[in-house]
Amino acid sequence: MNTISVVYPAVTIRNVFDFLKQALLPIGIYSALVVFGFHIISEMTVWAGWIGLALFTPLQFVLVAGFYYGFFKLIDTGKIVADDFFGFSWMTVLHLYLYGLVWMILCTIGGMIIALPGIFFMVITTLGLPYLIDKNAPFWEAMIESVKMVIKVFGNHLVLLLKMMIPVLIVYIPAFIVIILQVFKQKYHGYHRGYNPWAFEGFYRSPDPLAYLSMFFSIPFINAAMAIVYRKLKPAYDTWQHSKNSFAYSPASAEYSTPTQEGPAPSTTATTPSAENATTNAEYNGETTEKPPAGATAPTEEVTTASGTTPYHELVNNTTILEQLKPSPEELVRIKMECDSGRITSFVELLSFLDQLRKK
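Residues numbered from 1 in each chain as written. Predicted model: local features only at pLDDT ≥ 70, side-chain atom pairs only at ≥ 80, totals over all residues. Heavy atoms only, no water.

Attention now moves to the packing of aromatic side chains. For the coordinates displayed, the defined rule picks out 17 aromatic pairs. Each ring, one from tyrosine 68 and one from phenylalanine 72, has its centre 6.0 Å from the other, and the planes form 45 degrees; the classification is tilted. With a gap of four residues between them, tyrosine 68 and phenylalanine 72 both fall in helix α3 (residues 59–77), about one helical turn apart. Here tyrosine 68 and phenylalanine 72 have matching classes, each one buried. Ring centres of phenylalanine 72 and tyrosine 230 lie 5.7 Å apart, and the angle between their planes is 40 degrees; this geometry places the pair in the tilted category. (Phe/Tyr/Trp six-rings, centres within 6.5 Å; stacked < 30°, edge-to-face > 60°. Helix = DSSP H or I, 4+ residues; strand = E, 2+ residues; numbered from the N terminus. Buried < 20%, exposed > 50% of the residue type's maximum accessible area, 1.4 Å probe, protein only.)

The structure is reproduced here in structure tokens:
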């Protein structure tokens, strides 16, 4: 089982709306500034032609990235003000601009070859901006890390993006209708006046304020969803990466094929499998009272965490992690034996051991 894929069921359209409702006023103020900035950029692009499209459009990434400063603070503290969206340094602005420029070039190349590579690249880089803001990273690192994270959960991530597009498409319906009507109107009048509706100015300029109104609602919604996903996915991905690189149990290891307990007796009686299963099932159901055998000392103090509990106790006392990992009673027995014997001393090692159990 890939333990980081479980982040996606917790992110729904309602979650995103509830998140945005916590700070409607500051988010609305910044969203209005972003839409106004998009309008200025589009006017500059029309004035400068296709060269302007390449030079000015990446500035949109700088404006959108400001959302993540505010959204991350809202996730961490539960409240924000309008000033929280402005955390830029000049170096960050430069990397955001370069990120947008490279992103446009690669998406254009992928789209020119065939549509699918361009769409694929768009999907796997959707976490690049939040990574760049969160880690203050260079643009190439943000792009690479986004690809690494999304590739691991590509199917779930694609489903999430499609699901989040539903309210966006609903908001854009009025604008789409107006755009279609204006294109036909321009084509009819252009036939008589010698005006080409497919010239750059006619193609790129927004035909109606409805498009900007749609952007006002859709841009913060999509980026709020990506901020929530990133904050849930990144720690799980780091844990997975750490366990993969720095700690791995060998499936062929005799140490885990027939686990035995060495040293002092564990804190719970394990004389028979049924007794161990009974204790583990009680803990799995929330009954975490343990009764050490008579005369036994606390043998597992040397492998407890800073909070005074073993990784096993961290697992069974955290209902959120239990719901995500869904360990069976037999797996809990094995995990507890490894923790009590001192062979598992951290939660990262526990996750790695659980992965190895499920691969056998």
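Here the focus is a nonpolar patch on the surface. On the surface, a cluster of nonpolar side chains totalling about 490 Å² of accessible area is made up of Ile166, Ile170, Ile173, Ile177 and Leu181. Along the chain, leucine 181 turns up in helix α8 (residues 154–193). (Patch = residues over 30% accessible without salt bridge, like charges linked within 9 Å, V, L, I, M, F, W, Y side chains within 5 Å. Areas by Shrake-Rupley, 256 points an atom, 1.4 Å probe, with all protein chains shown as cover. Salt bridge = Lys/Arg side-chain N within 4 Å of Asp/Glu carboxyl O.)

This part takes up unusual backbone geometry. Despite not being glycine, asparagine 136 shows a phi value in the positive range, around 50 degrees. With respect to the element layout, asparagine 136 can be found in the loop between α6 (128–135) and α7 (139–152). In this structure asparagine 136 comes out as exposed when scored by relative accessible area, which is 55%.

Within α6, six of the eight residues are buried, which leaves the element mostly enclosed by the surrounding structure. Those residues of α6 lying buried are Gly128, Leu129, Pro130, Tyr131, Leu132 and Ile133. Phi turns positive one or two residues past the end of α6, at asparagine 136, with a value near 50 degrees.

Our next topic: the environment of aspartate 84. Summarising the element assignment, aspartate 84 is placed in the loop between α3 and α4 (90–113). Accessibility expressed as a relative area gives 17% for aspartate 84, which makes it buried. As a C-alpha pair, aspartate 84 and glycine 66 span 18 residues in sequence and 8.5 Å in three-dimensional space. Among all residues touching aspartate 84, those that are not within four sequence positions of it are Tyr69, Gly70 and Lys73. (Contact = heavy atoms within 4.5 Å.)

Considering every residue of the chain, the mean pLDDT works out to 74; 69% of them sit at 70 or more. Ranking the helices and strands of the chain by mean pLDDT puts α6 first, with 94, and helix α11 (residues 254–257) last, with 37. With pLDDT under 50 throughout, residues 190–207 is counted as low confidence; its partners more than four residues away or in other chains account for 28 contacts. (pLDDT = per-residue confidence, 0-100.)

What follows is about the pattern of salt bridges. The tally for this structure, following the rule as stated, stands at nine salt bridges. Across the salt bridge formed by lysine 21 and aspartate 18, the nearest N and O atoms sit 3.4 Å from each other. One end of the pair, lysine 21, and the other, aspartate 18, are both in helix α1 (residues 13–21), three residues apart, so they sit about a helical turn from each other. For aspartate 18, a relative accessible area of 33% corresponds to the partly exposed category. For aspartate 340, the salt bridge is made with lysine 336, and the minimal N-O distance between the two is 2.7 Å.

Owing to its 3.6 residues per turn, the α-helix brings residues three or four apart onto one side. Over its 13 residues, helix α15 (residues 329–341) extends 18 Å from the first C-alpha to the last, a length consistent with the 18 Å expected when each residue adds 1.5 Å. Burial within α15 is extensive, with ten of its 13 residues counted as buried. Among all positions in α15, only Glu331, Leu332, Val333, Ile335, Lys336, Met337, Glu338, Cys339, Asp340 and Ser341 are buried. Downstream of α15 by one or two residues, glycine 342 has phi in the positive range, about 90 degrees. (Expected span 1.5 Å × (residues − 1).)

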